[in-house]
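Chains, contacts and geometry: an overview
One-letter residues, chain by chain:
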Amino acid sequence: MAASRAALRAMRVDVESLDTSDTAGNWVSAESLRRTIDDRIKALADLSDTPLFFGRLSYGHTHHTTEAPAATPVAAGPIPDQPAAGSTADEVGDQFYIGRRHVHDAGGEPMVIDWRAPISQPFYQASPKQPMDVVLRRRFGYTGGELTAYEDEPLSGPGADGGEQTSRLLQTEIERPRVGPMRDIVATIQPEQDEIVRAGIGGTVCVQGAPGTGKTAVGLHRVAYLLYAHRERLARTGTLVIGPNESFLSYIEQVLPALGELQVKQATVADLVAHVEVRGTDGADRARIKGDARMAEVLRRALRSGVRMPQEPVVVVRGSRRWRVPAYEVEEIVRELLARDIRYGAARAALPQRIAHAVLVRMEQAGEAPHDRVQDAVARNAAVKAAVKEIWPPVDPVKLVLRLLSDPEALAEHAEGILSEAEQHTLRWEKPARGPKSAKWSAADAVLIDEAADLIERTPSLGHVVLDEAQDLSPMQYRAVGRRCTTGSATILGDIAQGTTPWATGSWTEALHHLGKPEARVEELTRGFRVPREVIAYASRLLPSIAPDLAEATSVRESPGSLEFRRVGGAPAGAAAAAAAAAAAAAAAAAAGEGVAAEGGPGGGTAALDAEVVAACREALTQEGSIGLIAADARIPALATALTAAGLSHLAPGDETTAASRLTLVPASLAKGLEYDYVVLDEPAAVVAGEPLLSGPTVQPPTTPAGETAAETAAPASTEHSPQIPAHRTGLRRLYVALTRAVSGLTIVHAQPLPAELAGREEGWAGI
């Protein structure tokens, strides 16, 4: 360990000592070189609490790889570099130490092999049944960056027993308390995860992952792997990680830098479509319609309606000659460009060149011999420019969307046969804005503007995009993301059971179609490593109601006593009928915009409930690790007051936890993607009731994939839709998310009866 750290420091010193004063031809090259060197220096930083290697492979033979074996074994304190059990030193081939980055000695011989190198793959994939020429796999254990233990697993030879064994160090690493931002899982990647991580860059991969299966970490490590395997390609085209909100991005932002990757950008979908300032909000029905894929065709019609057929010939004067292109010929050019269905801006740029070409044909027919520059000059002629402006006027995408939402006649014209009259009525603004700056744009409006902008000019494509929590996107949001990777690949991460928006996707087939990646490979992760078995089993009671087609998740973590219930007064637990009635009443009240006045509901909460929640938080704080108090959004102010009155300081989602401040108060709407060692869940019935009820149908099946225009001809006029998802089901999905945020323990505090879907089989859980 000491030798490898010394070698890493020497590598950093070598880079810092580079003299680039005479190597760059100009200041641009010099600046580019300086930034490259600065990034390299940052990537070689030695983090004292992060071990340089976490494992070792002892092969049965010598392997010739791009990363050669170490000439000298790495010193590991008191831990011997012994041969595999049952073998002699002469019988063992190469030994490779596997770590987060490549480290070599002064002679260039590698001491630590990058985990992404091909020779490292057996560390994750080898098994007694398929040893991949590995004799012994060794895992190292660390405490605070210090090497404290090791564990050997013979995979072949006399010492192998042929069966799978449970790794104590692996279990310890998985259960290590979470304090601070998300950390990498490079030392604990499992075989099924590694297959996804190392999937080729040529195709898109969609990961359906149950809670705690590590899908987010898998997506981030896949980015790190692709940057290792295709660095030059992705350096040119760029890589982007898209998350659901800023809190989530703050939580994951340290993973890739810890793996030495500093150039990956992060954004939310709102960041991608930030064409206007978002100051308004939409109701569920209006937002659902704006997010419907049919809106793409409405926008396309509205955009093309501005093209007008010429009424007059185009007359170009050059010197003493006048060249006339009749109106019917210009009309033929315009109709041909419309039929090609290319982007509006590209067609507008092509029109003057086509008119100029018609003029050049007439010049040649008259005996002249114009050269190429003449065509460009004609295209810039004032008469041609005036004709183009009249026929194919420039369009501002913001004003285009503004007119659709403000002008009932314009919307009716362009949505005819696509949206019903009721949908058009829902879509229109009650009070039209005077202009783009005064309009109270919503998040869904910004997505529409992004679609319109792409219909005018093509959105630049990146080399690879990672989209996390993808199940919550609307079809129009999928299209917005798909435009950013039309020529690249993507990694799509999500869980259908955790879809909590009114427009949440019903299947990955539908989502991938909207994204423009229908050929993507779908992988399912069902083996959990984060959520205790007792907790995931309880949460899975909701699956028949929220995602009946999904397989129930399992967990490798046995943590007896990890699930606790605390009931505050009220009706007896397990009263399924009462719970169902309470949930139905809460959903109806939410749909009517009313609060729930019952104890613990969104409208407030009794002092007894608040006191019990505070007591549960205080008890959780006696444990090691992070604590999350999750509650319905409407309950957050009351709980914040109660925590403050009790002298318990608390953080907001996105704030970094520290040893001194470990309690985070989390609205249920922001809990997705986050994890805490211990979770206190306040009033499940209030979480369920906090979701609005849709009065209209759900999103219609897709029209065309993202990034295409030629196929976006006529959206189907059919008014058939998928079955409506009631508010109760969406609320249960929100509850499913909240139930599965715990790593070590979950305490449920409630005054109202638990939802019927959770009640009825409480034999294994006392105190409900």
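Residues numbered from 1 in each chain as written. Predicted model: local features only at pLDDT ≥ 70, side-chain atom pairs only at ≥ 80, totals over all residues. Heavy atoms only, no water.

**Some words on the overall build of the chain**
For the chain, the helix and strand inventory stands at 29 helices and 21 strands. Across the 768 residues of the chain, 54% fall into the buried class. In the chain, of all internal contacts separated by at least 6 residues, the share reaching a separation of at least 24 is 78%. (Helix = DSSP H or I, 4+ residues; strand = E, 2+ residues; numbered from the N terminus. Buried < 20%, exposed > 50% of the residue type's maximum accessible area, 1.4 Å probe, protein only. Contact = heavy atoms within 4.5 Å.)

**Points about the packing of aromatic side chains**
All chains considered together, the criterion is met by ten aromatic pairs. Look at Phe123 and Tyr124: their rings are 5.3 Å apart centre to centre, the planes differ by 90°, and that puts the pair in the edge-to-face class. Residue class for Phe123 comes out buried when judged on its relative accessible area of 1%. An aromatic cluster is present here, built from Phe54, Trp115, Phe123 and Tyr124 joined pairwise through their rings. (Phe/Tyr/Trp six-rings, centres within 6.5 Å; stacked < 30°, edge-to-face > 60°.)

**Focus: the confidence of the model for the chain**
Counting all residues, the mean pLDDT for the chain is 84, and 83% of those residues have values of 70 or more. Helix 21 (residues 475-482) holds the highest mean pLDDT among the elements of the chain, 98, whereas helix 25 (residues 576-591) holds the lowest, 42. Residue range residues 696-703 is modelled with pLDDT below 50. Its contacts to residues more than four positions away, or to other chains, number 33 contacts. The model gives residues 761-767 a pLDDT under 50, and that stretch makes 14 contacts with residues more than four places away or in other chains. (pLDDT = per-residue confidence, 0-100.)

**A few points about the pattern of salt bridges**
Counted according to the given criterion, the structure contains 38 salt bridges. Residue Arg300 is joined to Glu297 by a salt bridge in which the shortest nitrogen-to-oxygen separation is 3.4 Å. A residue pair is termed a helical-turn pair when its members lie 3 or 4 positions apart in one helix, as Arg300 and Glu297 do in helix 12 (residues 294-304) at three residues. Pair check on accessibility: Arg300 and Glu297 agree, each one buried. In this structure, the salt-bridge partner of Asp341 is Arg300, at a minimum N-O distance of 3.3 Å. One end of the pair, Asp341, is in the loop between helix 13 (327-340) and helix 14 (344-365); the other, Arg300, is in helix 12, and 41 residues separate them in sequence. Its relative accessible area of 6% is what places Asp341 among the buried residues. With a relative accessible area of 13%, Arg300 lands in the buried category. (Salt bridge = Lys/Arg side-chain N within 4 Å of Asp/Glu carboxyl O.)

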